[in-house]
Amino acid sequence: RSRGLGDVYKRQHVNGVVTENPSDAFIAQLYRDMLGRNATQTELDSFENEQEFQINRINAVQTLQADREYRDTYINGVYERLLNRSATTEELDVWNESDSISFGDVTSLDEVLPAVMASDEYFSSRGGDSYDLFVTAMFKDLFGRLPTDSELETEVDLLEDGVPRSEIVNALHASDAVSYTHLR
């Protein structure tokens, strides 16, 4: 018989979780990275039926992303980074409903960050009701840097001309220059 990955794998500890095979190690680290906590043995075992020695890793990630715990963890992270507070239970419920009223129809977690940045709370707390400060805060939060004089002038002019904050935030968020490592 040929040897599979499980035949040569030595039991390891991943963040305090004992793993019996490479798939368990992957799942244990996935829980740590995506949920900020260790996986329980029950959670590791729940993926065992879908894997033998090699896991369908994309399926594992998608399973966790669809979970309410992951969505809440992600949303809380955005609130903590941008508003310096956790999301309330009511706000988490709104984000997790497909027919969200407060922020429009938010169906993807990718829409949470720009929606929070376009909110009145972000504008008041980060921008101090000043377009200059708001644009500066957006650039720091999205790109990890200050806007150039030209960028600042362009974005402030758009805001003064009545372009909604949400349009500006969405355009900047969709740009290739967004520093996703800075957002983590």
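This report concerns the structure included in the present document. Every value quoted in this text rests on a predicted model; they were computed, and no experiment measured them.

Our next topic: the packing of aromatic side chains. This structure, assessed with the given rule, holds 5 aromatic pairs. Their ring planes at 50 degrees and their centres at 5.9 Å tell us that Phe123 and Tyr131 sit as a pair that is tilted. You can call Tyr131 partly exposed: its relative accessible area is 33%. Geometrically, the ring pair formed by Phe123 and Phe134 is edge-to-face, given 5.2 Å between the ring centres and 65 degrees between the ring planes. Here Phe134 lies in helix H9 (residues 131-143) and Phe123 lies in helix H8 (residues 120-127), a separation of 11 residues in the sequence. Residue Phe123 is classed as buried on the basis of its relative accessible area, which comes to 10%. One aromatic cluster is present, formed by Tyr122, Phe123, Tyr131 and Phe134 through successive ring pairs. Positioned above the aromatic ring of Phe123, the side-chain terminus of Arg165 is 4.5 Å from the ring centre. The residue whose ring lies beneath Arg165 is Phe134, and the NZ or CZ to ring-centre distance is 6.0 Å.

A word on the pattern of salt bridges. Close approach of charged atoms lets side chains of opposite charge pair. Going through the model one piece at a time under the given rule, you end up with 9 salt bridges. For Asp141, the salt bridge identified is with Arg126, shortest N-O distance 3.0 Å. Here Asp141, found in helix H9, pairs with Arg126, found in helix H8; they are 15 residues apart in sequence, far enough to count as distant. With a relative accessible area of 24%, Arg126 lands in the partly exposed category. Measuring nitrogen to oxygen at the nearest pair gives 2.9 Å for the salt bridge that ties Glu151 to Arg145. Residue classification places Glu151 among the partly exposed residues on the basis of a relative accessible area of 23%. Residues participating in the shared-partner salt-bridge network are Arg37, Glu43 and Glu69.

What follows covers the nonpolar core. Ranked by internal contacts, the top residues of the largest apolar core, which has 41 residues, are Ile75, Leu82, Val116, Met117, Tyr122, Phe134 and Met138. Broken down by element, the residue count for this core peaks at 7 residues, all from H9. In this structure Phe134 touches Met117, Tyr122, Phe123, Gly127, Leu159, Arg165 and Val169, once residues within four positions along its chain are discounted.

What follows deals with the environment of Leu113. With respect to the element layout, Leu113 can be found in helix H7 (residues 112-117). For Leu113, a relative accessible area of 3% puts it in the buried group. Sequence-wise, Leu113 and Asp141 are 28 residues apart; in three dimensions their C-alpha atoms are separated by 10.0 Å.

Criteria and cut-off values
- Residues numbered from 1 in each chain as written.
- Predicted model: local features only at pLDDT ≥ 70, side-chain atom pairs only at ≥ 80, totals over all residues.
- Heavy atoms only, no water.
- Phe/Tyr/Trp six-rings, centres within 6.5 Å; stacked < 30°, edge-to-face > 60°.
- Buried < 20%, exposed > 50% of the residue type's maximum accessible area, 1.4 Å probe, protein only.
- Helix = DSSP H or I, 4+ residues; strand = E, 2+ residues; numbered from the N terminus.
- Lys NZ or Arg CZ within 6 Å of the ring centre and 35° of its normal.
- Salt bridge = Lys/Arg side-chain N within 4 Å of Asp/Glu carboxyl O.
- Core = buried A, V, L, I, M, F, W, Y, C linked by side-chain atoms within 4.5 Å.
- Contact = heavy atoms within 4.5 Å.

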